[in-house]
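Examination of the molecular architecture
Each chain is listed here by its residues.
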Amino acid sequence: MPKQPPLPDAEALCAALAAAMRGHVDPAATALVGIHTGGVWVAERLHAALGLKIPSGSMDVSFYRDDFNQRGLHANTRASHIPFDVEGAHVIIVDDVLYTGRTIRAAMNELFDFGRPARLDLAVLTDRGGRELPIAPTFCPHSMSLPASQMLALERAADGGLSFRVMEK
Amino acid sequence: MGAGNPQLNKHGELNHLLTIEGLPRDVLIRILDTAAPFSEVAEREVKKIPLLRGKSVFNLFFENSTRTRTTFEIAAKRLSADVINLNINTSSANKGETLLDTADNLAAMHADMFVVRHASSGAPYLIAQHMGATGRDHIHVVNAGDGRHAHPTQGLLDMYTIRHYKKDFSQLTVAIVGDVLHSRVARSQIHALTTLGVPEVRVIAPRTLLPTGIERLGVRVFNDMREGLRGVDVVMMLRLQNERMQGALLPSTQEYFKSWGLTPEKLALAKPDAIVMHPGPMNRGVEIDSAVADGGQAVILPQVTFGIAVRMAVMAMLAGNS
């Protein structure tokens, strides 16, 4: 068994991420869009911590993934929901883990089909390296390195507590 | 094609959609679940998603259709596919050979999907089988209505509509009313309803418009409309298919309306929250009264809208299962 690096504390990272974003958001004008499923949970936390007024959106980027021709349509695809006008807005895409950057590319493509934001940022809890596209987060309180054979996922307990789990692919 | 169900590939995934008959329940549920997020695409500024970008979908309509062809075309275009519509006259002789020759020619143009409507039962199956036998399993076939046999996407969009309004199939009583004999829609509906676990499926029709042995599909037959409509949750009307009638099956359309037309007075026998469905095009004053068609219980136009999402889901699932 390869030695596991200690997993970050997801709750502490949510707080650190909110702190990093605080001076850069306008509670009356900034909108969040969480990527299913972990990003939606993180966006909920950030929305409360930053006192944002615009309701957050959620996106399931399955319709925009670049591996559709290899893997087909993901099971359990959910509807995306953007409850605000993207045109001219300051939007922050929120996800739990930044890895290859392909999900973020898909999310940006999808978001632009709802309108042209004035400014787009990316907030993630952790960056696990392994980027395959030229994408960098605007806000990211933590980074780590994991082998490609492992998957890092955010989980939510019944009481709403967030934690990370590593799975072998 | 897979050894068991010709519609499934070796992984048990949907490779063609030819008929609902014999499709496992989980495949039907998967299609309905998958259709839900596609309905959201219509709400966007840009009503298009890139799943089928660079793919060519050929609408092969050997029989006329406006609604079905249009909704398949919209569905394929919203998936970013290139759509080519062919309305092919069926009067040419030697249909079997012509059909496969047509398919071969379009396959040579790098078709990725055929949407086939044909007056002969089994035509889409024949194309799918031919593609499989010639090593072109990556070309998917969707049956858009074949003869009296099947109209699977209509059956699926009807199930989507029922689930949208009634949430759960397991407590429902559903009545299918009208010209069952000539209706591929009715066959697809019956297979879908029984597979999805609807406990009571009723078929209401005059004896002359019922195929023999219909009971074997697991339905209760009523030859009296008032009796059949009592207490139902869903009324699925069928179009009286004048163009398919040969011989004197009916006295007149006026007589038909009197006995088998859905009027507000007959609908009142169903549950107060019953929904009324119709696959279109409607013959007002023949199988359905305008007061019902335009009334608060009718969900006929939502059926059309849901049909686009269901067809998008089917095409995306097939294209992704190469």
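Residues numbered from 1 in each chain as written. Chains lettered and ligands numbered in written order. Predicted model: local features only at pLDDT ≥ 70, side-chain atom pairs only at ≥ 80, totals over all residues.

Now for the domain arrangement of chain B. All names here are of chain B. Split into domains, chain B comes out as domain 1 (25-151 + 305-320) and domain 2 (152-304). Computed over C-alpha atoms, the centres of domain 1 and domain 2 are 26 Å apart. With 23 residues of domain 1 at the interface, the matching set in domain 2 holds 25 residues. For the side of domain 1 that touches domain 2, the element with the most residues is helix α11 (residues 300-320), which contributes six residues. Among the residues making up the side of domain 1 that touches domain 2, the classes are represented as 10 nonpolar, eight polar and five charged. (Domains from an automatic or database assignment. Contact = placed C-beta atoms within 7 Å. Helix = DSSP H or I, 4+ residues; strand = E, 2+ residues; numbered from the N terminus. Nonpolar A, V, L, I, M, F, W, Y, C, P; charged D, E, K, R; others polar.)

Further remarks concern the confidence of the model for chain B. With 94% of its residues at a pLDDT of 70 or more, chain B shows a mean pLDDT of 92. Across the interface, the model reports ipTM at 0.86; the global pTM reads 0.92. (pLDDT = per-residue confidence, 0-100.)

Okay, the interface of chain B and chain A next. Each partner contributes residues to the interface: chain B has 14 residues there, and chain A has 13 residues. Where the side of chain B that touches chain A is concerned, the elements lending two or more residues are α1 (25-41) and α11 of chain B. Of the residues in the side of chain B that touches chain A, the class split is eight nonpolar, three polar and three charged.

Note on sheets: strands pair through backbone hydrogen bonds, and any given pair is parallel or antiparallel. Residues and elements named next belong to chain A. On the basis of which strands lie adjacent, the open sheet formed by four strands has the order β2-β1-β3-β4 and parallel pairing. Every other strand in the sheet has two partners, leaving β2 (57-59) and β4 (119-127) as the edge strands with one partner each. Each strand axis lies, on average, 25 degrees off the axis of its neighbour in the sheet, ignoring direction. Alignment of strand β1 (residues 30-35) against strand β3 (residues 90-98), held across five bridges, turns out to be parallel. Its bridge partner lying in β3, Thr30 is registered against His90. (Pairing = 2+ DSSP bridges. Axes fitted to C-alpha atoms, helices over the stretch in contact; angles between N-to-C directions.)

This part is about the packing of α1 of chain B against α11 of chain B. All names here are of chain B. Packing of α1 against α11 leaves a shortest axis separation of 8 Å and a crossing angle of 115 degrees. Here the hand of the crossing between α1 and α11 comes out right-handed. For the pair α1 and α11, contact is made by Ile31, Thr34, Ala35, Phe38 and Ser39 and by Phe306, Ala309, Val310, Met312, Ala313, Val314 and Met317, respectively. Tallied by class, residues from the contact of α1 with α11 come to 10 nonpolar, two polar and no charged. (Left-handed = near helix turned anticlockwise from the far one by under 90°.)

The next point concerns the nonpolar core. Residue and element names in this part refer to chain B. If you look at the biggest cluster of nonpolar residues, it comprises 148 residues, and the most contacted ones within it are Met113, Phe114, Val177, Val235 and Met315. At 12 residues, α11 tops the list of elements feeding residues into this core. Counting contributing residues, this core receives three or more from each of domain 1 (25-151 + 305-320) and domain 2 (152-304). Among all residues touching Met315, those that are not within four sequence positions of it are Leu52, Val57, Ala75, Ala76, Leu79, Met113 and Val142. (Core = buried A, V, L, I, M, F, W, Y, C linked by C-beta atoms within 7 Å. Buried ≥ 20, exposed ≤ 12 C-beta atoms within 10 Å, placed from the backbone.)

Take the pairing of strand β1 (residues 56-61) of chain B next. On any regular strand, side chains alternate: one points to one face of the sheet, the next to the other face. Residue and element names in this part refer to chain B. Most of β1 is tucked away: five of the six residues are buried. Bridge count for β1 against strand β2 (residues 82-87) is six bridges, and the pairing is parallel. Looking at β2, one finds that Ser56 is bridged to Asp82. In the classification by handedness, the crossover that spans β1, the intervening helix α2 (residues 67-78) and the parallel β2 is right-handed. Relative to strand β3 (residues 113-118), β1 runs parallel, the two being bridged by five bridges. Following the sheet pairing, Phe58 is matched in β3 by Phe114. (Right-handed = clockwise from strand over helix to strand, strands pointing away.)

Residues and elements named next belong to chain B. Turning to its location among the elements, His16 is positioned in the segment before α1. Here the alpha-carbon distance between His16 and Met113, two residues 97 residues apart in the chain, equals 9.2 Å. Among residues more than four places away in sequence, those in contact with His16 are Gln7, Ala128, His140, Val141 and Leu318.

Over its 21 residues, α11 of chain B extends 30 Å from the first C-alpha to the last, a length consistent with the 30 Å expected when each residue adds 1.5 Å. Here α11 of chain B lies mainly inside the structure; 16 of its 21 residues are buried. (Expected span 1.5 Å × (residues − 1).)

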